[in-house]
Amino acid sequence: AIFGSNLGSSSSRELAVSASSSLPLCPAMAEKLNEMIGSVDCVFFDMSSCPYCRMAEKALIAKGIAFKKVPIADYKPALAELTGKTSAPSVWIKGTYVGGCNDGTEPWHGVKPMLASGKFEEMMK
């Protein structure tokens, strides 16, 4: 997982920042994001007008997976620094970024592909 208990040290914040940014995260914003991502097993950063959010949400509901839906607007700068992505949805399982609806930053990322492969449920255990 990107977030650890030592998030307060500058070295861990700098390691968490994506290669697309040379600035460390604002400590308050990093802490706010860390708290939200750690609040439940699955966090779904959402944008109400996003069709990909609706598709991913529908797929999770169909599989009976519980998640916390959070408006992405307040978290977008921190999410962009950590993942290199500004798109919605931004889905996290137990503190690990798993992408959006169809893809992410790793080949195995994306809600729909992970549900199809069983990886999403595996990570929720």
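Note that the coordinates shown come from a computational prediction; the quantities given were computed from them, not determined experimentally. Every residue gets a number counted from 1 within its own chain, in the order that chain's sequence is written. Local features in this predicted model are restricted to residues whose pLDDT is 70 or higher, and side-chain atom pairs enter the listing and the counts only when it is 80 or higher, whereas totals over whole chains, interfaces and linings include all residues. The basis for every side-chain value is the complete set of non-hydrogen atoms in the structure, without hydrogens or water.

## What about empty space enclosed by the protein?
This is how it is decided: Computed over the protein atoms alone on a 1 Å grid, cavities are sets of points where a 1.4 Å probe fits but cannot get out and pockets are open sets with protein on both sides within 12 Å along at least five of seven lines; a residue lines them when it has an atom within 4 Å of a point. Grid points are joined across faces, edges and corners, and a volume is the space filled by probe spheres set on the points. Charged means Asp, Glu, Lys or Arg here, nonpolar means Ala, Val, Leu, Ile, Met, Phe, Trp, Tyr, Cys or Pro, and polar covers whatever is left, Gly included.
Evaluation of the coordinates by the stated rule reveals 1 cavity of 30 Å³ or more. The volume enclosed by the largest cavity comes to roughly 30 Å³. What lines the largest cavity is I72, K76, L79, T83, K85, T86, S87, S90 and Y97. Residue composition of the lining of the largest cavity, by class: 3 nonpolar, 4 polar and 2 charged.

## Considerations on the packing of aromatic side chains
Here is the rule we go by: A pair of Phe, Tyr and Trp rings is counted when the ring centres sit within 6.5 Å of each other, with Trp represented by its six-membered ring. The angle between the planes then sorts it: under 30 degrees is stacked, over 60 is edge-to-face, the rest tilted. Only DSSP runs of H or I covering at least 4 residues are called helices, and only runs of E covering at least 2 are called strands; the numbering of each starts at the N terminus. For every residue, the accessible area obtained with a 1.4 Å probe (protein chains only) is divided by the maximum for its type, and the residue is called buried under 20%, exposed over 50%, and partly exposed between those limits. We call a charge positioned above a ring when the Lys NZ or Arg CZ atom is no farther than 6 Å from the ring centre and deviates by at most 35 degrees from the ring normal.
In the structure shown here, the tally under the stated rule is 3 aromatic pairs. With centroids separated by 5.3 Å and ring planes inclined at 35 degrees, the aromatic side chains of F44 and F67 adopt a geometry described as tilted. With a gap of 23 residues between them, F44 in strand β1 (residues 42-46) and F67 in the loop between α3 (51-62) and β2 (68-71) connect regions that are remote in the sequence. Given a relative accessible area of 22%, F67 falls into the partly exposed group. Judged by centre distance (5.2 Å) and plane angle (55 degrees), the ring pair of F45 and Y75 falls under tilted. Here the residue F45 occupies a position in strand β1, and Y75 occupies one in the loop between β2 and α4 (76-83), the gap between them amounting to 30 residues. Its relative accessible area of 0% is what places F45 among the buried residues. Here the guanidinium or amino end of K32 rests over the ring plane of Y75, the centre of that ring lying 5.0 Å away. Sitting over the ring of W108, K119 keeps its end group 5.2 Å from the ring centre.

## With respect to the confidence of the model for the protein chain
Rules: Residue-level confidence of the predictor is summarised by pLDDT, bounded by 0 at the bottom and 100 at the top. By definition in these notes, contact holds between two residues if any of their heavy atoms fall within 4.5 Å.
Averaged over all residues, the pLDDT of the protein chain equals 83, while 80% of them reach at least 70. Residue range residues 1-22 is modelled with pLDDT below 50. Its contacts to residues more than four positions away, or to other chains, number 40 contacts.

## With respect to the pairing of β1
Threshold: Two strands are counted as paired when DSSP detects at least two bridges linking them. Seen with its strands pointing away from the viewer, a crossover is right-handed if its path from the first strand over the helix to the second goes clockwise.
Summarising burial for β1: 5 of the 5 residues are buried, a large majority. Burial along β1 is two-sided: C42, F44 and D46 facing one way and V43 and F45 facing the other are all buried. Where β1 and strand β3 (residues 90-93) come together, 4 bridges link them in antiparallel fashion. Its bridge partner being in β3, F45 is matched across the sheet by S90. Alignment of β1 against β2, held across 4 bridges, turns out to be parallel. Looking across to β2, one finds that D46 is bridged to P71. With respect to chirality, the unit in which β1 leads through α3 into the neighbouring parallel β2 is right-handed.

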